Amino acid sequence: MKEKTKQKKRIPSVYNHDYSGLHGKAIDFFKPKTFEELKEFVQKNDKITIRGNGSGLRGGCLPQQDKVLDMTKLNKILSIDVNRMFVEVETGVILADLKNYLAPLGYEIPLLVSSEKIATIGGLIATNTPGIRSMKYGRFTEWINWIEIINANGKIERRSRVDLGDYAGMEGITGVICKASLKIMKRVERTAAIFSGDFIGDILEKVQELKRNRNVCAIELIDKKISEYLLLPFKYHLIVEYDSLEGDRKGVDYVQTMELLFLTYNVMLNREKKYRIEDFKIFL
């Protein structure tokens, strides 16, 4: 009697792609649901590529004949301490979901990321994402108290802010980031404004004026060609967001303005995909 042929495991094509436009080659994948499953997988496998939802722009989550470690099932919000102003999460949590959890409680993580509806906390830490409000709120590391990582031996270790540089921005090559304590703040009511002009010199003068305003948390320049593509007048435009009520776009108008800002990022991203971007890590 012939033995049944072992069916080859189908690898989803999504594991070979991210937003960089580059391509990878996965030989297997695993989606742990518990830390025990995660530790066991790390202990038994050498060549691993760690992945969230693949919203990165540098190809850091693309495997090269590796096994993909998909962290998206480790997506629990573990606890919140409003007195000490932090929230603890598993790193498969999506940023937008975390914001939606915090908002009814009157708190927020103020970082604004164009891919936040799919970007995981682990991916944002691994890339040390700056976000759209970085001029005021910095990069993602500014909002981390500590992280827990799994090293090559499958051991869980906690790393404080002092050691974040060994993991944040390293694209997952130094350890599996599995848990994090993140700072939170009281939620802010924001408004927006749009300024336009025919000459770039006038726009740059406006930028210098806006940067002196402590309530401004984001400024985005839209050039004339992208403005025309977005059905705006053929001029330079500035989209400005305020941590106050001084912007003239409030409520629904504010939401529509921020949607325009996200659309601008998507247009610029599609333009950048024409070029290959190398993102080297240099160890000294």
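Look above for the structure.
Residues numbered from 1 in each chain as written. Predicted model: local features only at pLDDT ≥ 70, side-chain atom pairs only at ≥ 80, totals over all residues. Heavy atoms only, no water.

Caption draft 1: Quick look at the side chain of Glu-108. As for its placement among the helices and strands, Glu-108 is situated in strand β6 (residues 107-108). Judged by relative accessible area, Glu-108 falls into the buried class, the value being 9%. One polar contact links Glu-108 to Arg-190, side chain to side chain, over a distance of 2.9 Å. Filtering out sequence-adjacent residues up to four positions away, Glu-108 remains in contact with Leu-102, Ile-184, Met-185, Lys-186, Arg-187, Val-188 and Arg-190. (Helix = DSSP H or I, 4+ residues; strand = E, 2+ residues; numbered from the N terminus. Buried < 20%, exposed > 50% of the residue type's maximum accessible area, 1.4 Å probe, protein only. Polar contact = N/O pair within 3.5 Å; in protein donor to acceptor, adjacent residues only side chain to side chain. Contact = heavy atoms within 4.5 Å.)

Caption draft 2: Structural context of the packing of aromatic side chains. Here the structure, examined in full by the defined rule, presents three aromatic pairs. When the centroid spacing of 5.2 Å and the interplanar angle of 40° are considered together, the rings of Tyr-15 and Phe-29 count as tilted. Placement of the pair is Tyr-15 in the segment before β1 (25-30) and Phe-29 in strand β1, with a sequence separation of 14 residues. Residue class for Tyr-15 comes out buried when judged on its relative accessible area of 4%. Residue Phe-29 is classed as buried on the basis of its relative accessible area of 17%. Against the face of Trp-146 rests Arg-158, its NZ or CZ located 3.6 Å from the ring centre. We note Lys-206 situated over the ring of Phe-195; from NZ or CZ to the ring centre the distance is 4.3 Å. (Phe/Tyr/Trp six-rings, centres within 6.5 Å; stacked < 30°, edge-to-face > 60°. Lys NZ or Arg CZ within 6 Å of the ring centre and 35° of its normal.)

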